[in-house]
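# Results of the structural survey
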Amino acid sequence: QVYNLHIQNLLDLCSNEIRDTVLQFTYNNIDMNDVVITEIMADPSPAVALPEVEYIELYNRSSKTLELENWNLSINGTTKYLPRYSIKPDSFLVIVAHSNLDEFTSLQNIIGVPSFTLPNEGADVVLRDTSLNIINQLTYSERWYHDVEKENGGYALEIIDPDNQCGGFYNWRASE
């Protein structure tokens, strides 16, 4: 729903008046797992059909467009704040290090964060909204590949069913 905030007759401490203004905004109640982590490229070496870059992919499984500015992504306790980005319903977003954005010029749904790294052996990953509510979390490991050759690098981990957030180890596999 779109809301209108009407500002009228507002003065600052020096009696400067702001013009009558109408600001439009929307408010979305965000629920846990509205946005989920769907792919993790923790070990991109040796490269196999993709740039040799670590990334995380998010999926908005809600029916709402969500503003991700100041959401945070924590990897083993190291927190990165997301820049301004609106993720539409039923859409994906790839997160990489700022320095690797040029590697994905063909992607439109991509953002960069500073010093982004993912441990190859696994990590605790937590996505939080601006109120620090946990939206999605997981603890991945090399065992999630279910493929000894692919766990040696070049393949991402991908979720099998994004609607099954309780599947853990059984709901992830090496990408094809």
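Here the structure is a predicted model, which means the values were calculated and not measured. (Residues numbered from 1 in each chain as written. Predicted model: local features only at pLDDT ≥ 70, side-chain atom pairs only at ≥ 80, totals over all residues. Heavy atoms only, no water.)

## Here's the deal with the nonpolar core
Core analysis: the largest hydrophobic core is formed by 33 residues, its most contacted members being Ile 40, Ile 56, Phe 116 and Tyr 140. Setting aside chain neighbours within four positions, we find Tyr 140 in contact with Ile 40, Ala 42, Leu 118, Pro 119, Asn 120, Glu 121, Gly 122, Ala 123, Val 125 and Leu 157. Residues Val 96, Phe 104, Ile 110 and Ala 156 belong to the second largest nonpolar core, which totals eight residues. (Core = buried A, V, L, I, M, F, W, Y, C linked by side-chain atoms within 4.5 Å. Buried < 20%, exposed > 50% of the residue type's maximum accessible area, 1.4 Å probe, protein only. Contact = heavy atoms within 4.5 Å.)

## Topic: the sheet that holds strand 12 (residues 110-113)
Strand order in the open sheet formed by six strands is 12-11-6-5-15-16, and the pairing between neighbours is mixed. On the outer flanks of this sheet lie strand 12 and strand 16 (172-174), each paired with one strand and no other. Geometrically, the sheet is characterised by an average inter-axis angle of 30° between neighbouring strands, direction not taken into account. As judged from the five bridges shared by strand 6 (residues 55-60) and strand 11 (residues 91-97), these two strands associate in the antiparallel manner. The partner of Tyr 59 across the bridge, within strand 11, is Phe 92. (Pairing = 2+ DSSP bridges. Helix = DSSP H or I, 4+ residues; strand = E, 2+ residues; numbered from the N terminus. Axes fitted to C-alpha atoms, helices over the stretch in contact; angles between N-to-C directions.)

## A look at unusual backbone geometry
In this structure, the amide linkage connecting Ser 45 to the following residue, Pro 46, adopts the cis form with an omega of 0°. Take Pro 46: it is sitting in the loop between strand 5 (35-41) and strand 6. One non-glycine residue, Asp 90, lies in the positive phi region at around 55°. Locating Asp 90 in the fold gives a position in the loop between strand 10 (86-87) and strand 11. Judged by its relative accessible area of 55%, Asp 90 is exposed. Positive phi, normally seen in glycine, also occurs at Leu 132, with a value near 65°.

## What about the sheet that holds strand 8 (residues 72-75)?
Strands sit in the order 9-8-13-14 across an open sheet of four strands; the sheet is antiparallel. Every other strand in the sheet has two partners, leaving strand 9 (78-81) and strand 14 (134-141) as the edge strands with one partner each. Sheet twist, expressed as the mean angle between neighbouring strand axes with direction ignored, is 15°.

## Focus on the pairing of strand 14
Sheet analysis places strand 13 (residues 122-128) next to strand 14, joined by seven bridges and oriented antiparallel. Pairing of Val 125 across the sheet is with Leu 138, part of strand 14. Adjacent in sequence and paired antiparallel, strand 13 and strand 14 are bridged by five residues, among which Leu 132 carries a positive phi angle near 65°.

## Here's the deal with a nonpolar patch on the surface
Judged by side-chain polarity, Tyr 3, Leu 5, Leu 23, Phe 25 and Tyr 27 come together as a nonpolar surface patch covering roughly 500 Å² of accessible area. Looking at the nonpolar patch, the elements that each hand over two or more residues are strand 1 (2-7) and strand 4 (21-26). Its place among the elements puts Leu 23 in strand 4. (Patch = residues over 30% accessible without salt bridge, like charges linked within 9 Å, V, L, I, M, F, W, Y side chains within 5 Å. Areas by Shrake-Rupley, 256 points an atom, 1.4 Å probe, with all protein chains shown as cover. Salt bridge = Lys/Arg side-chain N within 4 Å of Asp/Glu carboxyl O.)

## Considerations on the packing of aromatic side chains
Inspection of every chain in the model, using the stated rule, returns four aromatic pairs. Here the aromatic rings of Tyr 55 and Phe 104 are separated by 6.1 Å at their centres, their planes lie at 80°, and the arrangement is edge-to-face. Placement of Tyr 55 in strand 6 and of Phe 104 in the loop between strand 11 and strand 12 is noted, with a sequence separation of 49 residues between them. Tyr 55 sits in the buried class, given a relative accessible area of 4%. On the basis of an interplanar angle of 85° and a centroid distance of 4.9 Å, the ring pair of Phe 169 and Tyr 170 is categorised as edge-to-face. Here Phe 169 falls in the partly exposed class, since its relative accessible area comes to 23%. The side chain of Arg 143 reaches across the aromatic face of Phe 169, ending 4.7 Å from its centre. (Phe/Tyr/Trp six-rings, centres within 6.5 Å; stacked < 30°, edge-to-face > 60°. Lys NZ or Arg CZ within 6 Å of the ring centre and 35° of its normal.)

Shape is all these values report; function is a separate question.
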